[in-house]
Amino acid sequence: MLEENARKHPDDMALIELTPSRNSRRQISWKQFNQQANSIANYLLQRGIQKDDKVIHWMRNSIDWLINYFGIIKTGAWAVPLNYRFNTQDFRFCTSIAEAKVIIFEEYFLKTVQDVKPSTIQEYIYLGPKTPKDMTFYNEILKTASTDNPQIELKPTDECGLYFTSGTTGDPKPVLLTHKNMSFAAEVEQKHHHQTSKDNFILLPPLYHTGAKMHWFGSLISGAKGTILTEFSPKNVFEAVSNEAGTIVWLLVPWVHDILVALDRGELKLKDYNLSSWRLMHIGAQPVPPVLVQRWRNYFPAMAYDNNYGLSEATGPGAVHLGLENELRPGAVGKVGCGWQLKIVEANGNHELPQCTVGELCVKGDGVMCGYYKNPELTAKIIVEGWLRTGDMARIDQDGYVYLVDRKKDLIIVGGENIYPIEVEDAIHNHPKVYDVAVIGIPDMRLGEVVGAIIEVKDGEKLTEQEIHDFLEFQLPKYKRPRKIVFDKVPRNPTGKIEKTKLRQKYAKPTDTYH
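Residues numbered from 1 in each chain as written. Predicted model: local features only at pLDDT ≥ 70, side-chain atom pairs only at ≥ 80, totals over all residues. Heavy atoms only, no water.

1. Describing the overall build of the protein
Logical step 1: Looking only at helices and strands, the protein features 15 helices and 27 strands.
Logical step 2: For a compact globule of 515 residues, the expected C-alpha radius of gyration is about 24 Å, and the protein comes in at 23 Å, within 12% of that figure.
Logical step 3: Viewed in the frame of its principal axes, the protein has a C-alpha envelope of about 70 × 55 × 45 Å.
Logical step 4: Here the protein, with 515 residues, has 58% of them falling under the buried criterion.
Logical step 5: For the protein, the proportion of contacts with a sequence separation of at least 24, taken over those separated by at least 6, is 67%.
Logical step 6: Working note: accessible area of the protein is about 21,800 Å², and carbon and sulfur atoms make up 47% of it.
Logical step 7: Placing the 61 positive and 63 negative side-chain charges of the protein at their respective mean positions leaves the two points 2 Å apart. (Helix = DSSP H or I, 4+ residues; strand = E, 2+ residues; numbered from the N terminus. Rg over C-alpha atoms; globule rule 2.2 N^0.38 Å. Buried < 20%, exposed > 50% of the residue type's maximum accessible area, 1.4 Å probe, protein only. Contact = heavy atoms within 4.5 Å. Areas by Shrake-Rupley, 256 points an atom, 1.4 Å probe, with all protein chains shown as cover. Lys, Arg positive; Asp, Glu negative; His and termini not counted. Charge placed at Lys NZ, Arg CZ, Asp CG, Glu CD.)

Right under this line is the structure:
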């Protein structure tokens, strides 16, 4: 796809990179993009990298991130993108699994890389000033290596990416993906959101994650430009759309919150920006409170909206999407995505359940991963006869709409009654003073568990437990209401998912309290 764009549209702009704090704007054409990826590929091949070798890729969002990614996969090697929030322990764990021969990384991670010095790494390619003596300067590669196509034969079934999940439930799991997986994701995204060469995708979420990059793949297959916005703020988003004529923005729930709060307070005014080009806002990575969508529609009644569901094991988004024509379906994640199949099965079995029955969501299609690298046992549990068990509890109604109920592991059982945190979170989100909320199970001697709510209050507002209890009295039955309420910040990872493991460690300690 990259080479075809370089052939067809060599001088058209491919990527723009904006860093507002430095007043920095950088851009490259499709021809430059392809040539620089070729330079990285040819250098790696000269240094002995072969098909199925692994190259770790540890950078924050930038044009260089994508240049390196494509350079690696052009060699037939596997790109191993790492989460930029990984700590030393995470880095040591991931490098021990990957056993990579080369690492390409930026200055931000220099100390961690030098502290760990993985034994398998034979070469360190460094992006930054003052290159250490035992490392290779990235910019020198771009100046000296050949820009010719490396001419490595690649098949759709060849593996090309080792993605470590975000690790919110323990050690990151290594997901192995193929070129076929990647191509399928691009095709699905383009079919869902109708990208053309006239679009400009404003890219904010982290590129190491399958979600952001696979959404941008819809632009790649269309020959459309993308704008990498390296720093989020509501003002930065509006300025990027206004100045670069952005047409599509994919946002995470916390960012939508921030934009709406800024608009509510008058800190951001629609009249100050030209947002006429912005045709689509889509959102995903975690359940979206319906009240959030309603508030967004109040400000942007004419803008198309889409909700997307996916997971790393299914090559990112696309398995389920709401569809631009179905935005008024309250609470639904959407229908089956193009090229995908869906079914609901028993949580602890493989028997398919009837419509409107809650069970575990399973998906099947060309986006399903090869498996968890070096873990055939776990792979066999999650992929059954080609069906990927997502770990998400859901139901499918008579019209084919999917409603997420919650993660299987997040289910709270209070005295034998099943409670799904999303339902409680959605109810609490309706309170006008609530900025964010996470619901978890709190151990209880008598009931086994009770519902606990960690509530983040909007800046400048005050909220009490009694106000929450009064508010929920007519919204939820008594057994679903929180028995414990804590006012604290709700931690989310870079892809917007609530880090419930951290909250359980902090608040869900065993207790001898009887309720």
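Next comes the rest of the account.
2. Quick notes on the environment of Ile-283
Logical step 1: Tracing the sequence through the fold places Ile-283 in strand S13 (residues 280-284).
Logical step 2: Residue Ile-283 is classed as buried on the basis of its relative accessible area of 1%.
Logical step 3: Sequence separation between Ile-283 and Ala-427 is 144 residues, and the spatial gap between their C-alpha atoms is 20 Å.

3. A closer look at the sheet that holds strand S15 (residues 316-321)
Logical step 1: Ordered in space as S2-S1-S11-S10-S12-S13-S14-S15-S16, the nine strands form an open sheet in which the pairing is mixed. In the strand order of this sheet, the two ends are held by strand S2 (24-29) and strand S16 (335-336), each with one partner.
Logical step 2: Taken together, the four bridges between strand S1 (residues 13-19) and strand S11 (residues 225-229) define a ladder with parallel strand orientation. Bridge pairing in S11 places Ile-16 opposite Thr-227.
Logical step 3: On the sheet, helix H3 (residues 63-74) packs against S1, S2 and S11 and is oriented at approximately 30 degrees with respect to S2.
Logical step 4: Contacts from helix H10 (residues 253-264) reach strand S12 (248-251) and S13 within the one sheet, and its direction differs from that of S12 by about 110 degrees. (Pairing = 2+ DSSP bridges. Axes fitted to C-alpha atoms, helices over the stretch in contact; angles between N-to-C directions.)

4. Observations concerning the pairing of strand S14 (residues 304-311)
Logical step 1: Counting buried positions along S14 gives seven out of eight residues, so the element sits mostly inside the fold.
Logical step 2: Across four bridges, the pairing between S14 and S15 is antiparallel. Across the sheet, Leu-311 pairs through a bridge with Gly-316, a residue of S15.
Logical step 3: Between S14 and S15, which follow one another and run antiparallel, lie four residues, and Thr-315 among them has a positive phi close to 55 degrees.

5. Let's talk about the packing of aromatic side chains
Logical step 1: All chains considered together, the criterion is met by 20 aromatic pairs.
Logical step 2: Ring geometry for Trp-65 versus Tyr-69: centroids 5.6 Å apart, planes at 20 degrees, classification stacked. Of this pair, Trp-65 and Tyr-69 both sit in helix H3, four residues apart, roughly one helical turn. Both residues of the pair, Trp-65 and Tyr-69, count as buried.
Logical step 3: An angle of 80 degrees between the planes, with centres 6.2 Å apart, marks the rings of Phe-238 and Trp-278 as edge-to-face. With Phe-238 in helix H9 (residues 234-244) and Trp-278 in the loop between H10 and S13, the pair connects residues that are 40 residues apart, well separated along the chain.
Logical step 4: Judged by its relative accessible area of 4%, Trp-278 is buried. (Phe/Tyr/Trp six-rings, centres within 6.5 Å; stacked < 30°, edge-to-face > 60°.)

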